[in-house]
Amino acid sequence: MHISEGVLSGQIMAAGGVLAIAGTAIGLKNIDYDKIVNIAILSSAFFVASLIHVNIGPSSVHLILNGIVGILLGWAAFPAILVALLLQVVFFQYGGLTPLGVNTVIMAVPAIFVYYVFSPFIWKSYKITFTASFFAGAFSVFFSAILLGSALYLTEKNFLEVTILILGAHLPVIIIEGIITGFCVTFFKKVYPEILPNLQKLE
Amino acid sequence: MIENEELAFKDSLIHKINPCIRILLAVLLSFWVALSTDFKFISGCFVLAFVFVFLASITPNDIFKRLKPLFVFLLMIWILLPLTFEGDMVFTVFSFDISRQGIEYCAMITIKSITIILFFMSFVATMTIGVMGHAMQKLNVPQKFVFLLLMTYRYIFVIGEEYQKLFRAAKIRGFVSKTNIHSYKTYAYLAGMLFVRASMRAKRVHQAMICRGFNGQFHTIDKFSLDKLSIIFFIIVLLFMTIYQWLIVKVLIF
């Protein structure tokens, strides 16, 4: 989910840039040098995982996973996502330099929202874990699509139909992200609970 | 899986320019073009971008390869926008109205985006990520952020290999990707295992770094200084852009 170069208006780029810098500053403040290696290597894992394509019918979509990023990293999701997007610009010319701030906000704000709203439910029973993470995954993509649509709509009112199309096209992605996030978080809980936040609540 | 840094190992005028100056120029020129709404100015920059690509000795083949994702996006825009944009009708196709404003808007986005990506390609894609990180540090980007960038970059390839291993293991056990819960579950566990391995590796890497006296300082072997050529290049490009814009606004009002 990217906005390309040359589409957005100056005001939207400025707003996105300011928000992205603020979020990244908070995120960096929360990271100390003991955690930074962990966050960097997890960011690489997200980068690689977002290249995984899953089938839907005859077509395929790639995973976004900003729900899991939020749950695992909290505020550190902001710098992690900014780094990932910057590397995507350098490697593949996806997105771009000028919309980088807006693209970061589109991905990172839902991640942080999900962290606050859904991660408290992780340590309940497995059913609740699965349900909460399903909604975390689905909601984060839905929220991102809404933010992307708003950025386009605020740039140019004529983008309304395009925005609605984008939201519609993301519906299957929202469900798949939910399912994948649900299974993935349950998997963490069974296999490697140390990776999840708030471990003390388990005891 | 991932493009390597092939453009970084060439020898050209652009490659000789100081990386800090190149990053600054890329950011300045990109925003300059992105914020402009003057078609003539942007078209001029479009030509200028090709001059830079030529100066960086990037082959047409490389350009095309790197512009491919953009072309997909542009194709979508050209199909959608003229149909949905409100404005003066130019002609009608199968009872759909094609608007003039829509076509103009598409043309603007096309030229802008290609121009900015060519700027980026000639100035930034021509350095390795290691050099880029070092230059960012010199430009006062927070050290933690630069560290995160370089470390993430370093481990993408390692984790990428890890993923190939996991996926191969799944394939050997007869996994075929389909549209069903079993496939999604398998992918979820694959991604999950990737994070688990990444996290465990991070622990080992961190311990190894502590053993070698890591204190948050990131040292680099790339050395570069601000030479005359870079400063002159920087000034010439900026002067050219300013004069060009001034000419278009003041003189060439047709």
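Chemist: Help me get a handle on the overall build of chain B, residues and values and all.
Modeler: Looking only at helices and strands, one finds nine helices and two strands in chain B. Written out in order from the N terminus, the α and β elements of chain B read α-α-α-α-β-β-α-α-α-α-α. Taking 18 Å as the expected radius of gyration for a compact globule of 254 residues, we find that chain B reaches 24 Å, considerably beyond that expectation. By principal-axis analysis of the C-alpha atoms, chain B measures approximately 70 × 60 × 30 Å. In chain B, which comprises 254 residues, the proportion classed as buried is 48%. Considering only contacts within chain B whose residues lie at least 6 apart along the sequence, 77% involve residues at least 24 apart. Distance between charge centroids for chain B: 13 Å, based on 26 positive and 14 negative side chains.

Chemist: I'd like to hear about the domain arrangement of chain B, residue by residue, with values.
Modeler: Domain boundaries assigned for chain B yield domain 1 (6–127 + 224–251) and domain 2 (142–211). For domain 1 of chain B versus domain 2 of chain B, the separation of C-alpha centres amounts to 35 Å.

Chemist: Can you tell me about the pattern of salt bridges, naming the residues and giving the values?
Modeler: Residues and elements named next belong to chain B. Applying the stated rule across the entire model yields five salt bridges over all chains. For R197, the salt bridge identified is with E162, shortest N-O distance 2.9 Å. One end of the pair, R197, is in helix α8 (residues 181–211); the other, E162, is in helix α7 (residues 143–172), and 35 residues separate them in sequence. Judged by its relative accessible area of 9%, E162 falls in the buried class. Across the pair E162 and R201 runs a salt bridge whose closest N-O atoms are separated by 3.2 Å. Taken together, the residues span a long stretch of sequence, with E162 in helix α7 and R201 in helix α8 at a distance of 39 residues.

Chemist: Please give an account of the environment of A:S119 that cites residues and values.
Modeler: Residue and element names in this part refer to chain A. As for its placement among the helices and strands, S119 is situated in the loop between α5 (100–118) and α6 (126–155). Distance from S119 to F91, taken between C-alpha atoms, is 32 Å for residues 28 residues apart in sequence. Excluding residues within four positions of it along the chain, S119 makes contact with V114 and P197. At a separation of 2.3 Å, a polar atom in the side chain of S119 contacts the main-chain carbonyl oxygen of Y115.

Chemist: Explain helix α4 (residues 60–84) of chain B to me, using residue names and the numbers behind them.
Modeler: Taking 1.5 Å per residue as the helical rise, α4(B) with its 25 residues ought to reach 36 Å, and the 34 Å between its terminal C-alpha atoms agrees with that figure. Burial in α4(B) covers these residues: B:D62, B:I63, B:R66, B:L67, B:L70, B:F73, B:L74, B:I77, B:L80, B:L81, B:P82 and B:T84.

Chemist: Can you explain the packing of aromatic side chains? Please cite residues and give values.
Modeler: For the coordinates displayed, the defined rule picks out 37 aromatic pairs over all chains. Aromatic side chains B:F167 and B:Y187 sit 6.4 Å apart centroid to centroid with 15° between the ring planes, which places their arrangement in the stacked category. Highlighted residues: B:F167 in helix α7 and B:Y187 in helix α8, separated in sequence by 20 residues. For the residue pair B:F167 and B:Y187, the accessibility class agrees, reading buried in each case. Grouping aromatic residues by their ring pairs yields a cluster made of A:F46, A:F130, A:F183, A:F187, A:F188, B:Y189 and B:F195. The positively charged end of A:K157 is found above the aromatic ring belonging to A:Y153, 5.0 Å away from the centroid.

Chemist: Tell me about the packing of α6(A) against helix α7 (residues 160–191) of chain A, and please be specific about residues and values.
Modeler: Residues and elements named next belong to chain A. At a minimum axis distance of 7 Å, the contact between α6 and α7 shows a crossing angle of 155°. The angle between α6 and α7 places the two elements in the roughly antiparallel class. Regarding α6 and α7, the two cross each other, and that crossing is right-handed. Taken together, the residues of the contact of α6 with α7 break down into 20 nonpolar, ten polar and three charged.

Chemist: Pulling in residues and values, what's your account of the pairing of strand β2 (residues 59–62) of chain A?
Modeler: Moving residue by residue along a regular strand, the side chains alternate between the two faces of the sheet. Residue and element names in this part refer to chain A. Here strand β1 (residues 53–56) runs beside β2; their pairing, made up of four bridges, is antiparallel. By the bridge assignment, V54 is partnered in β2 with V61. Linkage of β1 to β2, two consecutive antiparallel strands, is achieved through a turn of two residues, within which G57 is found at a positive phi near 55°.

Chemist: Account for the interface of chain B and chain A, with residues named and values stated.
Modeler: As a measure of interface size, the accessible area lost when the parts come together is often cited. Every contact between the two is made by 70 residues of chain B and, on the other side, 66 residues of chain A. Taking both partners together, chain B and chain A bury about 6400 Å²; carbon and sulfur atoms supply 79% of that area. Among the residues chain B hides against chain A, the three largest losses belong to B:K144, B:Y184 and B:F195. Together they make up 12% of the total. Our enumeration of links across chain B and chain A arrives at zero salt bridges. Taken together, the elements giving at least two residues each to the side of chain B that touches chain A come down to α2 (19–35), α4, α5 (100–123), α6 (129–138), α7 and α8 of chain B. Residues that form the side of chain B that touches chain A fall into these classes: 49 nonpolar, twelve polar and nine charged.

Chemist: Any details on the nonpolar core? Residues and values, ideally.
Modeler: Ranked by size, the top nonpolar core spans 168 residues in total, and within it A:L73, A:F188, B:F123 and B:F195 carry the most contacts. Per-element accounting of this core gives the leading share, 16 residues, to α7(B). Split by domain, this core shows at least three residues from each of two domains, domain 1 (6–127 + 224–251) and domain 2 (142–211) of chain B. B:F195 has contacts with A:L42, A:A45, A:F46, A:A49, A:L65, A:I68, A:C184, A:F188 and A:I195, leaving out every residue within four places of it along the chain.

Chemist: Go over the side chain of B:N18, please, and point to the residues and values.
Modeler: You can see B:N18 is positioned in the loop between α1 (13–16) and α2. Excluding residues that lie within four positions of it along the chain, B:N18 makes contacts with B:F224, B:S225, B:L226, B:D227 and B:S230.

Each value, and the rule that gives it
Residues numbered from 1 in each chain as written. Chains lettered and ligands numbered in written order. Predicted model: local features only at pLDDT ≥ 70, side-chain atom pairs only at ≥ 80, totals over all residues. Heavy atoms only, no water. Helix = DSSP H or I, 4+ residues; strand = E, 2+ residues; numbered from the N terminus. Rg over C-alpha atoms; globule rule 2.2 N^0.38 Å. Buried < 20%, exposed > 50% of the residue type's maximum accessible area, 1.4 Å probe, protein only. Contact = heavy atoms within 4.5 Å. Lys, Arg positive; Asp, Glu negative; His and termini not counted. Charge placed at Lys NZ, Arg CZ, Asp CG, Glu CD. Domains from an automatic or database assignment. Salt bridge = Lys/Arg side-chain N within 4 Å of Asp/Glu carboxyl O. Polar contact = N/O pair within 3.5 Å; in protein donor to acceptor, adjacent residues only side chain to side chain. Expected span 1.5 Å × (residues − 1). Phe/Tyr/Trp six-rings, centres within 6.5 Å; stacked < 30°, edge-to-face > 60°. Lys NZ or Arg CZ within 6 Å of the ring centre and 35° of its normal. Axes fitted to C-alpha atoms, helices over the stretch in contact; angles between N-to-C directions. Parallel < 35°, antiparallel > 145°, perpendicular 65-115°, else oblique. Left-handed = near helix turned anticlockwise from the far one by under 90°. Nonpolar A, V, L, I, M, F, W, Y, C, P; charged D, E, K, R; others polar. Pairing = 2+ DSSP bridges. Buried area = accessible area lost by both parts, 1.4 Å probe. Core = buried A, V, L, I, M, F, W, Y, C linked by side-chain atoms within 4.5 Å.

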